[in-house]
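Summary of structural features
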Amino acid sequence: MDLNTITDVRLARSRADLVALCTTVVPLAGGSALFGEPQNHLEGFVDLMTLEWPALTVTPDGLDIAATCTIAELSRFPAQPGWLAHPAFFQCCTALFGSFKVWNVATVGGNLCASLPAGPMTSLTAALDGEVLIWSPDGSERRMPVTSFIAGNTTNILTPGEVLRSIHLPLRALEARVGYRKIALSPLGRSGAVLLGRLERSGAFVLTVTAATVKPVQLSYDALPDADTLRADVERLDEWFTDAHGAADWRRAVSCVLADEIREELA
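Since the structure is predicted, the reported quantities are computational estimates derived from the model, not experimental observations.

Reading the values: the criteria
- Residues numbered from 1 in each chain as written.
- Predicted model: local features only at pLDDT ≥ 70, side-chain atom pairs only at ≥ 80, totals over all residues.
- Heavy atoms only, no water.
- Salt bridge = Lys/Arg side-chain N within 4 Å of Asp/Glu carboxyl O.
- Helix = DSSP H or I, 4+ residues; strand = E, 2+ residues; numbered from the N terminus.
- Buried < 20%, exposed > 50% of the residue type's maximum accessible area, 1.4 Å probe, protein only.
- 1 Å grid on protein atoms, 1.4 Å probe; cavity = no way out; pocket = protein on both sides within 12 Å on 5 of 7 lines; lining within 4 Å.
- Points joined across faces, edges and corners; volume = space filled by probe spheres on them.
- Nonpolar A, V, L, I, M, F, W, Y, C, P; charged D, E, K, R; others polar.
- Pairing = 2+ DSSP bridges.
- Axes fitted to C-alpha atoms, helices over the stretch in contact; angles between N-to-C directions.
- Left-handed = near helix turned anticlockwise from the far one by under 90°.
- Contact = heavy atoms within 4.5 Å.
- Arc of directions from axis to C-beta.
- Polar contact = N/O pair within 3.5 Å; in protein donor to acceptor, adjacent residues only side chain to side chain.

1. Observations concerning the pattern of salt bridges
- In the structure shown here, the tally under the stated rule is 13 salt bridges.
- For the salt bridge of Glu200 with Arg172, the shortest nitrogen-to-oxygen distance reads 2.9 Å. Separated by 28 residues along the polypeptide, Glu200 in the loop between strand E12 (193-199) and strand E13 (205-210) and Arg172 in helix H7 (residues 171-174) bring together distant segments of the chain.
- One salt bridge connects Asp260 with Arg263, and the closest N-O pair in it is separated by 3.1 Å. Here Asp260 pairs with Arg263, and both are found in helix H9 (residues 248-266), just 3 residues apart, close to one helical turn.
- Look at Asp260 and you get partly exposed, because its relative accessible area is 23%.

Set out below in structure tokens:
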């Protein structure tokens, strides 16, 4: 889509170049979300891609994903020894239906900042207890869980001038076994529900529900719950919503089914 109100695009070379950000000048990465709908309130972009942040960095305590890492780069990331959760990377990438051209420009950070309930990078990073690093205009920074970063349907906690720098996935989550399920009303439609279950080495079980709820919701247990307990807990969630991609009652019903399939798989 043409954004004919944009009069200036700046190429960021250092953090100092981000001072131009405000309510009418926003960060630009891949642009697949920004150019997908009218942005008549915007006057300029600051291009983050020229900062050349390393896309994926393995650390002793997990994985750091740059906000500018593309879906294509994440999908090709090789398995690391002991990272049983690795298949979920590609599985969640495929939940973003788009051509190779979209995968090559759409970024992990951009998908999070779009904050759509069906954002597949939200599904992945929330399910693996991801923590975002946010740069503030005054030079400070803050960290918080992805589940707190996403505030609702298309909303997050970023304030004007702030930039999502990276997402950290902890080693304990990457070493967990993960079960993935997705459902949509049509074969190539936007996700109606995306669920990931994580069974850690300690025996702890975490179920993350996305796409069916306005923001990521997690259910945590010290051990794998029985079918009745899990179903009752999923049914009690109150963040379900209705849109063109599914009714709230359908989303609740299919999430109960998918949650039990994940429970049985990980058992």
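2. Focus on the layout of surface pockets
- Estimated volume of the largest pocket: approximately 1400 Å³.
- As for the largest pocket, its lining consists of 50 residues, of which Ala33, Leu34, Gly110, Cys113 and Ala114 are closest to the centre.
- Where the lining of the largest pocket is concerned, the elements lending two or more residues are strand E2 (25-28), helix H4 (108-114), strand E9 (155-156) and strand E10 (163-170).
- For the lining of the largest pocket, the element with the highest residue contribution is H4, accounting for 5 residues.
- Residues belonging to the lining of the largest pocket are distributed by class as follows: 27 nonpolar, 20 polar and 3 charged.

3. Some thoughts on the sheet that holds strand E4 (residues 56-59)
- Pairing within the open sheet is antiparallel, and its 5 strands lie in the order E4-E5-E10-E6-E7. Here the strands that pair on one side only, and so sit at the sheet edges, are E4 and strand E7 (141-145). For this sheet, the mean angle separating the axes of adjacent strands, direction not counted, is 20°.

4. Here's the deal with helix H5 (residues 120-127)
- For H5, a buried count of 8 out of 8 residues is recorded, marking the element as mostly surrounded by other parts of the structure.
- Directly beyond the C-terminal end of H5, a positive phi value near 55° is found at Asp129.

5. What to know about the packing of helix H8 (residues 227-236) against H9
- It is at 9 Å that the axes of H8 and H9 come closest, and there the two elements cross at 145°. Like other packed secondary-structure pairs, H8 and H9 cross with a definite hand, here right-handed. From H8, Ala227, Leu230, Arg231, Val234 and Glu235 reach across to H9, where they touch Arg252, Ser255, Cys256, Ala259, Asp260 and Arg263.
- Here the residues of the contact of H8 with H9 sort into 5 nonpolar, 1 polar and 5 charged.

6. Brief notes about empty space enclosed by the protein
- Under the counting rule described, the total for this entry stands at 1 cavity of 30 Å³ or more.
- For the largest cavity, the calculated volume is near 30 Å³.
- Considering the residues around the largest cavity, the lining is formed by Leu116, Pro117, Thr122, Ile150, Thr210, Val214, Lys215 and Pro216.
- Taken together, the residues of the lining of the largest cavity sort by class into 5 nonpolar, 2 polar and 1 charged.

7. Comments concerning the environment of Ala227
- Here Ala227 lies in helix H8.
- Since its relative accessible area comes to 28%, Ala227 is described here as partly exposed.
- It is 9.6 Å that separates the C-alpha atoms of Ala227 and Glu261, two residues lying 34 residues apart in sequence.
- Once you skip the residues sitting within four places of it in the chain, Ala227 turns out to touch Asp260 and Arg263.

8. Thoughts on unusual backbone geometry
- Despite not being glycine, Thr154 has its phi angle at roughly 65°, a positive value.
- Checked against the element boundaries, Thr154 lands in the loop between strand E8 (150-152) and E9.
- Non-glycine residue Ala211 carries a positive phi angle of around 70°.
- For Ala211, the location among the structural elements is in the loop between E13 and strand E14 (217-221).
- On the basis of relative accessible area, Ala211 is assigned to the buried category, the value being 1%.

9. Details of H8
- Buried residues of H8: Leu230, Asp233 and Val234, and no others. The buried residues of H8 occupy an angular sector of 100° when the element is viewed end-on, so they sit on one face. Structural note: H8 exposes Asp228 and Arg236 on the side pointing more than 90 degrees away from its buried face.
- Taken together, the buried residues of H8 touch E13, E14 and H9.
- N-capping of H8 is provided by Asp226, with a side-chain oxygen placed 3.2 Å from the backbone N of Asp228.

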